[in-house]
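Residues per chain are reported as follows:
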Amino acid sequence: MKIAFFSTKPYDRRFFDTYNEKYGHDITYFETRLGRETFKLAEGFECVCVFVNDRVDEFILTALEAQGTRLIALRCAGFNNVNIARAKELDVSIVRVPAYSPYAVAEHTVGLMLALNRKIHWANSRVKEGNFSLDGLLGFDMRNRTVGLIGTGKIGERVAAILHGFGCTIIAYDKFKNQACEDKFGVQYVEQGELFEQSDIISLHCPLFKDTYHLIDHEAIGRMKKGVMIINTSRGALINARSAIEGLKSEKIGYLGIDVYEEEEDLFFEDKTFEIRTDDVFARLTTFPNVLITGHQAYFTEEAVSAISKTTLENISAYENGEELVNAV
Ligand code: NAD
């Protein structure tokens, strides 16, 4: 099938070319993101393959369908960037990669927790500058700390597994209980408000939906323990970044670790070293010593990118062969 592949990075090309030897699709790689200025590149392509920050809104879907696109293949799990209702109206199929490596994201999540707690990022810079003082580097034992997980699906469950090993007390809020979390990792389900009040560390593992938009806002932060650590490796808009800045300034939030940011589509995945930064909210976040930011890399492991490539190509072949789309959205 002819595939217009947007937001291509060298590593995408390497993995997809390797796996595509088996599937034989005709892939054209575009470095640019899919958007209003670029959708014309996909003219005549039956399949358009996109990633987390490509925009697949009503306008783009309508335009793509008029140009002959019948399938949008997301090479990610989240689909908050796609107007699903419009796709249904247009009879454009949407497929995604629902699971590739929950281990990758869970391990990065815990990496952020440990780095923030033990200030590993500062410690490394200090040692390289010849400063071996421990002042300011005091951390805390993870054992016996209460960690609150919002969302205990595939990734939340893996975070629970790792933290169970550390001896943390794990509480969780989810609309649906995960029996394995309760039985194997001692997770205790509580109401969301209770989780805010009781947790030393809060980690977000739910999708971005209308009801989870700005889940962490001024009010939620107000209910939390002073000095709480908040970790977000899910989707940026789960946190109101302006409220987080206020929480950091008042020292209610003691640590913030984020791999995702609400306005990341204009920042992440690109080298902006020599560009003037215009996002004042993001710039303010980078000034706090107790904020650690990575640029949507939690998923980025050999195993996860392999699984993403394989499943995406399988999804496209299934559509081409008229098979059931098991990963349809
Ligand atoms: P999943 O579907 O397995 O689990 C999501 C869980 O959230 C489910 O148990 C669901 O019931 C729960 N949930 C839904 N609405 C909720 C609410 N209002 N409050 C609490 N819980 C709610 O998904 P997953 O594979 O564990 O992924 C979780 C999120 O991680 C994804 O939605 C995606 O946004 C994000 N993600 C990020 C990266 C990254 O690289 N940073 C990579 C993959 C996924």
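Residues numbered from 1 in each chain as written. Predicted model: local features only at pLDDT ≥ 70, side-chain atom pairs only at ≥ 80, totals over all residues. Heavy atoms only, no water.

Q: Sorry if this is basic, but what is going on with the packing of helix α1 (residues 10-23) against helix α12 (residues 302-320) here?
A: The description of two helices packed together rests on the angle between their axes and the distance between the axes. Running from amino to carboxyl end, α1 crosses α12 at an angle of 40°, the nearest separation of the two axes being 9 Å. Our classification of the angle between α1 and α12 gives oblique. α1 and α12 meet at a crossing whose hand is right-handed. Contact with α1, carried on its side by F15, F16, Y19, N20 and Y23, involves E302, V305, S306, I308, S309, K310, T312, L313, E314 and S317 of α12 and no other residues of that element. For the contact of α1 with α12, the per-class residue count stands at seven nonpolar, five polar and three charged. (Axes fitted to C-alpha atoms, helices over the stretch in contact; angles between N-to-C directions. Helix = DSSP H or I, 4+ residues; strand = E, 2+ residues; numbered from the N terminus. Parallel < 35°, antiparallel > 145°, perpendicular 65-115°, else oblique. Left-handed = near helix turned anticlockwise from the far one by under 90°. Contact = heavy atoms within 4.5 Å. Nonpolar A, V, L, I, M, F, W, Y, C, P; charged D, E, K, R; others polar.)

Q: When you look at the sheet that holds strand β5 (residues 93-95) in this model, what are you seeing that I'm missing?
A: Whenever strands of a sheet pair, they do so through backbone hydrogen bonds, lying parallel or antiparallel. Judged by pairing direction, the sheet is parallel, and its five strands sit side by side in the order β2-β1-β3-β4-β5 without closing on themselves. In this open sheet, the two strands that pair with only one neighbour each are β2 (26-29) and β5. Geometrically, the sheet is characterised by an average inter-axis angle of 20° between neighbouring strands, direction not taken into account. Sheet topology places strand β1 (residues 2-5) next to strand β3 (residues 47-50); three bridges connect them, and they run parallel. Looking across to β3, one finds that A4 is bridged to V48. In the packing of α1 onto the sheet, the strands contacted are β1 and β2, and the crossing angle to β2 comes to about 175°. (Pairing = 2+ DSSP bridges.)

Q: Even after reading the chapter, I still don't get the environment of D280, so can you show me in this structure?
A: The residue D280 is located in helix α11 (residues 280-285) in this model. What makes D280 exposed here is its relative accessible area of 60%. For the pair D280 and I94, spaced 186 residues apart in sequence, the C-alpha to C-alpha distance is 35 Å. (Buried < 20%, exposed > 50% of the residue type's maximum accessible area, 1.4 Å probe, protein only.)

Q: What is the right way to look at the nonpolar core in this model?
A: Nonpolar side chains in soluble globular proteins tend to end up buried together. Counting residues in each nonpolar core, the largest one holds 34 residues, and the members touching the most others are M224 and L256. Elements with a minimum of two residues in this core: α8 (192-198), β9 (201-204), α9 (218-223), β10 (228-232), α10 (241-249), β11 (253-258) and α11. Among the elements that line this core, the one with the most residues is α10, at four residues. Ignoring any residue separated from it by four or fewer positions in sequence, one finds M224 in contact with F196, I202, I216, I230 and K252. (Core = buried A, V, L, I, M, F, W, Y, C linked by side-chain atoms within 4.5 Å.)

Q: I tried to follow helix α2 (residues 58-66) on my own but got confused; where do I start?
A: Two residues of an α-helix separated by three or four positions point the same way, owing to the 3.6 residues in each turn. Of the residues making up α2, those classed as buried are I60, L61, A63 and L64. Projected down its long axis, α2 shows its buried positions confined to an angular sector of 165°, all on one face. One or two positions beyond α2, positive phi appears at G68, with a value near 110°. (Arc of directions from axis to C-beta.)

Q: I keep staring at the site of the ligand and nothing clicks. Help me out?
A: Lining the immediate surroundings of the ligand are 24 residues, of which Y100, K154, I155, D174 and T233 lie closest. In this structure, an oxygen atom belonging to the ligand sits 2.8 Å away from a side-chain N or O atom of K154. Surface burial for the ligand is 87%, taken as the share of its 870 Å² of free accessible area covered by protein chains. Residue classes in the shell around the ligand are distributed as ten nonpolar, eight polar and six charged. (Near = heavy atom within 4 Å. Polar contact = N/O pair within 3.5 Å; in protein donor to acceptor, adjacent residues only side chain to side chain. Areas by Shrake-Rupley, 256 points an atom, 1.4 Å probe, with all protein chains shown as cover.)

Q: Help me out: how do you make sense of unusual backbone geometry in this one?
A: Note: most peptide bonds trans; most residues except glycine with negative phi. Backbone geometry at D91 places phi at a positive 60°, although glycine is not the residue there. Mapped onto the elements, D91 comes out in the loop between α3 (84-90) and β5. With a relative accessible area of 56%, D91 lands in the exposed category. Look at H296: it is not a glycine, yet its phi comes out positive at around 55°. Along the chain, the position of H296 falls in the loop between β12 (291-293) and α12. When its relative accessible area of 8% is taken as the criterion, H296 is described as buried.

Q: Help me understand the pairing of β3, please; the structure alone is not making it clear to me.
A: Successive residues of a regular strand alternate their side chains across the two faces of the sheet. Residues C47 and C49 point to one face of β3 and V48 and V50 to the other, with burial holding for every one of them. In terms of strand pairing, β3 meets strand β4 (residues 71-74) through four bridges, oriented parallel. Residue pairing across strands places V50 opposite L74, the latter belonging to β4. A crossover links β3 with its parallel partner β4, the connecting element being α2, and its sense is right-handed. (Right-handed = clockwise from strand over helix to strand, strands pointing away.)

Q: Honestly, the domain arrangement of the protein chain in this entry has me stumped. Any pointers?
A: Interface size is often expressed as the accessible area that is lost when the parts come together. Per the domain assignment, the segments making up the protein chain are domain 1 (2-100 + 302-320) and domain 2 (102-293). Computed over C-alpha atoms only, the centres of domain 1 and domain 2 are separated by 30 Å. Taken residue by residue, the interface counts 14 residues in domain 1 and eleven residues in domain 2. Taken over both partners, the interface formed by domain 1 and domain 2 buries close to 1,100 Å², and the fraction arising from carbon and sulfur atoms is 49%. At the boundary of domain 1 with domain 2, the tally comes to three salt bridges. A salt bridge links R55 to E265; the nearest nitrogen and oxygen atoms lie 2.3 Å apart. Taken together, the links from domain 1 to domain 2 amount to seven residue pairs in polar contact (both at pLDDT 80 or more). (Domains from an automatic or database assignment. Buried area = accessible area lost by both parts, 1.4 Å probe. Salt bridge = Lys/Arg side-chain N within 4 Å of Asp/Glu carboxyl O.)

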